[in-house]
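# Per-entry structural report
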Amino acid sequence: MSSDSALTPTPATSPAPATKHPLLWVPSGYFTMALTYNMLTAAAVVMFSNLGMNNAEAAAYASALGLAYTVKPFFAAFLEMYKTKKFFVLLCQIILGVGFIGVALVMNLPNYITLMLLFFWVLSFIGSSQDITTDGVYVTSLDAKSQALYCGWQSLSWNLGKLAMMSVMVVLSGVLHEHYFKLDPHVSGPEWIKSWQIVFALLGVLMLIMAAWHWRVMPDGARAENTPRNPKEAISTLMDAFITFFQKQGIWMMIGFALLFRISFGFLNAPSMLFMKDTVDNGGLALTNQEFGIIYGTFGLVALLIGSLIGGAYVAKKGLQKALFPLCLCVNIPNVTFLLMAIYQPESHLLISAGVIIEQFFFGIGSVGFMIYLMQQLAPGKYATTHYAFGTALMGLCMMLTGMVSGVLQQSMGYIGYFVFVMAATIPSFLICWFAPFPHKHD
């Protein structure tokens, strides 16, 4: 799951009676989802850099792990047909717990990089399956009023999971490396293995604890009204959803919107993190894991959350059609803060924090426009949830492909040249927002 999935439109279902209060399992369920996603697609960038990978490898490997989250709409229906949704949530969390502990163990082996990446690849598909089934429990165990009531808890908890991974766990790796193992935090290489082994072991234990907790408090979930009864029916339903998706008015421009609205962020995401960690001689800011975790994982995330709230209020006041282009400006223009930091390489943590806060705050404001556009313009129809998932999958595809090439491009251009390129990459976003169709009118 990404944080965006907390906003997925939900179909009418026959809710199963929930034997436990939703606050016992909704926050913990979405917190747990966020741990896996942010470990594999974000914190992994930092870890790969710590272990000595160059920027091209670190960005490509971490971005490629987003594939499972991109293609999950194509296998989601098959998870709905068997057992209960709770069964698959628990199974996924147990496998993830054992898997992360397994990663910690294989890091002792000589060829640990290959084995670790194999573990990650498998765990990414388990993590995306956890997303699907946790969302399924939420949708089918709560009626429409309760879904709206706990949506805020859902989104908040997912972001707290991101905070735990990008701030607490990344900072912990740095503290262990520097203060427990007494090693230089600015030197990359296999010396970082022990610190990250502890992080993975703790993460694995936490996943198992969450599985035990959800076994006690999570409802089973009910079958949605349109749940396929067998694989043939699932394939037939998916094909019908796929065909009707391309029959929508203005669909090709809407596909362009889904692919291009956040294209500059796709190019910026991994290199911006690597830039903050890289040495001054290489053009970076030479932050330790502790400094990075506090600035990016704490201050940046808080700014993102505040920006998202403001963006939502702005759209509610102006209406999406009037607000969309200003929101596009918010997503793209603040990327210039990284170009300025690359030019001047500030040593002041206050200035670095200000740059990250500005970029994340305005990205939070602008990204709301993307999700609301998918809900109001792309999703409506017979398969609203599936078509919304197709839209977020297209966005995920863009993030994955841009992320995979971003490290190679950055290494060839240098940080200053690359961040100039990122600013140029904002142009498609502006164009697609200007011409985005609005076939569904809203007051």
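What counts, and where the lines are drawn
- Residues numbered from 1 in each chain as written.
- Predicted model: local features only at pLDDT ≥ 70, side-chain atom pairs only at ≥ 80, totals over all residues.
- Heavy atoms only, no water.
- 1 Å grid on protein atoms, 1.4 Å probe; cavity = no way out; pocket = protein on both sides within 12 Å on 5 of 7 lines; lining within 4 Å.
- Points joined across faces, edges and corners; volume = space filled by probe spheres on them.
- Helix = DSSP H or I, 4+ residues; strand = E, 2+ residues; numbered from the N terminus.
- Nonpolar A, V, L, I, M, F, W, Y, C, P; charged D, E, K, R; others polar.
- Axes fitted to C-alpha atoms, helices over the stretch in contact; angles between N-to-C directions.
- Parallel < 35°, antiparallel > 145°, perpendicular 65-115°, else oblique.
- Contact = heavy atoms within 4.5 Å.
- Buried < 20%, exposed > 50% of the residue type's maximum accessible area, 1.4 Å probe, protein only.
- Polar contact = N/O pair within 3.5 Å; in protein donor to acceptor, adjacent residues only side chain to side chain.
- Core = buried A, V, L, I, M, F, W, Y, C linked by side-chain atoms within 4.5 Å.

Below, the discussion takes up the layout of surface pockets. Its boundaries defined by the atoms lining it, the second largest pocket holds a volume of some 310 Å³. Lining the second largest pocket are 19 residues; nearest its centre among them are S49, S188, K277, D278 and T279. Residue assignment for the lining of the second largest pocket shows that the elements contributing at least two residues are α1 (26–50) and α11 (263–277). When grouped by side-chain class, the residues that make up the lining of the second largest pocket number eight nonpolar, nine polar and two charged.

Our focus in this paragraph is the packing of helix α9 (residues 231–245) against helix α16 (residues 384–424). It is the contact of α9 with α16, at a shortest axis distance of 10 Å, that shows an interaxial angle of 70°. Here α16 runs roughly perpendicular to α9, going by the angle between their axes. Touching L238, A241, F242, T244 and F245 of α9 are T386, H387, F390 and L394, all from α16. Across the contact of α9 with α16, the residue classes tally to six nonpolar, three polar and no charged.

The next point concerns the environment of S63. With respect to the element layout, S63 can be found in helix α2 (residues 55–64). For S63, a relative accessible area of 13% puts it in the buried group. It is 8.7 Å that separates the C-alpha atoms of S63 and L40, two residues lying 23 residues apart in sequence. The contact partners of S63, leaving out residues within four places of it in the chain, are M400, G403 and M404. From its side chain, S63 meets the backbone oxygen of A59 in a polar contact 2.7 Å long.

Scanning the entire structure with this criterion turns up one cavity of 30 Å³ or more. Considered as a void within the structure, the largest cavity measures approximately 30 Å³ in volume. Considering the residues around the largest cavity, the lining is formed by K162, M166, Y296, G297, L301 and Q360. Secondary-structure elements contributing two or more residues to the lining of the largest cavity are α7 (144–180) and α12 (289–318). Ranked by the residues each element gives to the lining of the largest cavity, the list is headed by α12, at three residues. Considered class by class, the residues forming the lining of the largest cavity number three nonpolar, two polar and one charged.

One broad trend across soluble globular proteins is that nonpolar side chains are buried collectively. Residues F48, W196, F200 and F419 are the most contacted members of the largest nonpolar core, which totals 80 residues. Looking at this core element by element, the count peaks at 15 residues for α1. In contact with W196, other than residues within four places in its own chain, are M39, A43, V46, M47, N50, M107, V170, S173 and N289. In terms of nonpolar packing, the next biggest core, distinct from the first, is built from 39 residues, I251, L374, Y388 and F430 among them.

Functional significance is not addressed by these values, which are geometric in nature.
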